[in-house]
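# Structural overview for review
Residue strings, one per chain:
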Amino acid sequence: MKTHHSYTIPCGLCLIGICLFIRYHIGRRRFNRRGTAGLQSYSSYGKAMATTFLERLILFIGNLCGLAGLCLLAIAGFIHFKI
């Protein structure tokens with residue numbers, strides 16, 4: 001009897017975990033930069049532009065990880081129920 005090892009569910013859960021961690025970390029950094037008026041404060045315009053660009057890029061990558069994780073879980077569900 002041949003056993004079949006499927007790594008789609010653990011990989012999907014890890015990708016979703018990475019997505020949630022990235023979103024939490026960036027959100028916490030943005031929250032900690034806010035002042036009493038609710039605006040983010042930077043020491044210079046260059047730092048503001050670089051930080052905003054890098055955060056958006058990393059957030060985009062995190063969202064792609066989340067979508068890939070959901071796709072892997074959906075594939076595992078379809079295989080399990082053999083639809």
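Just above, that's the structure.
Residues numbered from 1 in each chain as written. Predicted model: local features only at pLDDT ≥ 70, side-chain atom pairs only at ≥ 80, totals over all residues. Heavy atoms only, no water.

### Some thoughts on the overall build of the chain
- Per the secondary structure count, the chain includes two helices and zero strands.
- The C-alpha radius of gyration computed for the chain amounts to 19 Å, which surpasses the reference 12 Å derived for 83 residues by more than 25%, pointing to a less compact arrangement than a globule.
- Dimensions along the principal axes, computed over C-alpha positions, put the chain at roughly 65 × 20 × 20 Å.
- Counting the 83 residues in the chain, one finds 17% classified as buried.
- Residue pairs in contact within the chain that sit at least 24 positions apart in sequence constitute 75% of those at least 6 positions apart.
- Taken as a whole, the chain presents about 6800 Å² of accessible surface, with 72% of it coming from carbon and sulfur. (Helix = DSSP H or I, 4+ residues; strand = E, 2+ residues; numbered from the N terminus. Rg over C-alpha atoms; globule rule 2.2 N^0.38 Å. Buried < 20%, exposed > 50% of the residue type's maximum accessible area, 1.4 Å probe, protein only. Contact = heavy atoms within 4.5 Å. Areas by Shrake-Rupley, 256 points an atom, 1.4 Å probe, with all protein chains shown as cover.)

### Focus on the side chain of R33
- With respect to the helices, strands and loops of the structure, R33 is situated in helix α1 (residues 8-33).
- You can call R33 buried: its relative accessible area is 13%.
- Side chain to side chain, R33 and Y42 meet in a polar contact 3.2 Å long.
- Dropping the residues within four chain positions of it, R33 is found in contact with L39, Q40, S41, Y42, T51 and E55. (Polar contact = N/O pair within 3.5 Å; in protein donor to acceptor, adjacent residues only side chain to side chain.)

### Considering the pattern of salt bridges
- For the structure on display, the rule yields three salt bridges.
- The shortest N-O distance in the salt bridge between R30 and E55 comes to 3.1 Å. Taken together, the residues span a long stretch of sequence, with R30 in helix α1 and E55 in helix α2 (residues 45-81) at a distance of 25 residues.
- Of the residues examined, R30 reaches a relative accessible area of 26% and is grouped as partly exposed.
- Residue classification places E55 among the buried residues on the basis of a relative accessible area of 6%.
- R33 serves as the salt-bridge partner of E55, at 2.9 Å between the closest nitrogen and oxygen. One end of the pair, E55, is in helix α2; the other, R33, is in helix α1, with 22 residues separating them in the sequence.
- Linked by salt bridges that have partners in common, R29, R30, R33 and E55 make up one network. (Salt bridge = Lys/Arg side-chain N within 4 Å of Asp/Glu carboxyl O.)

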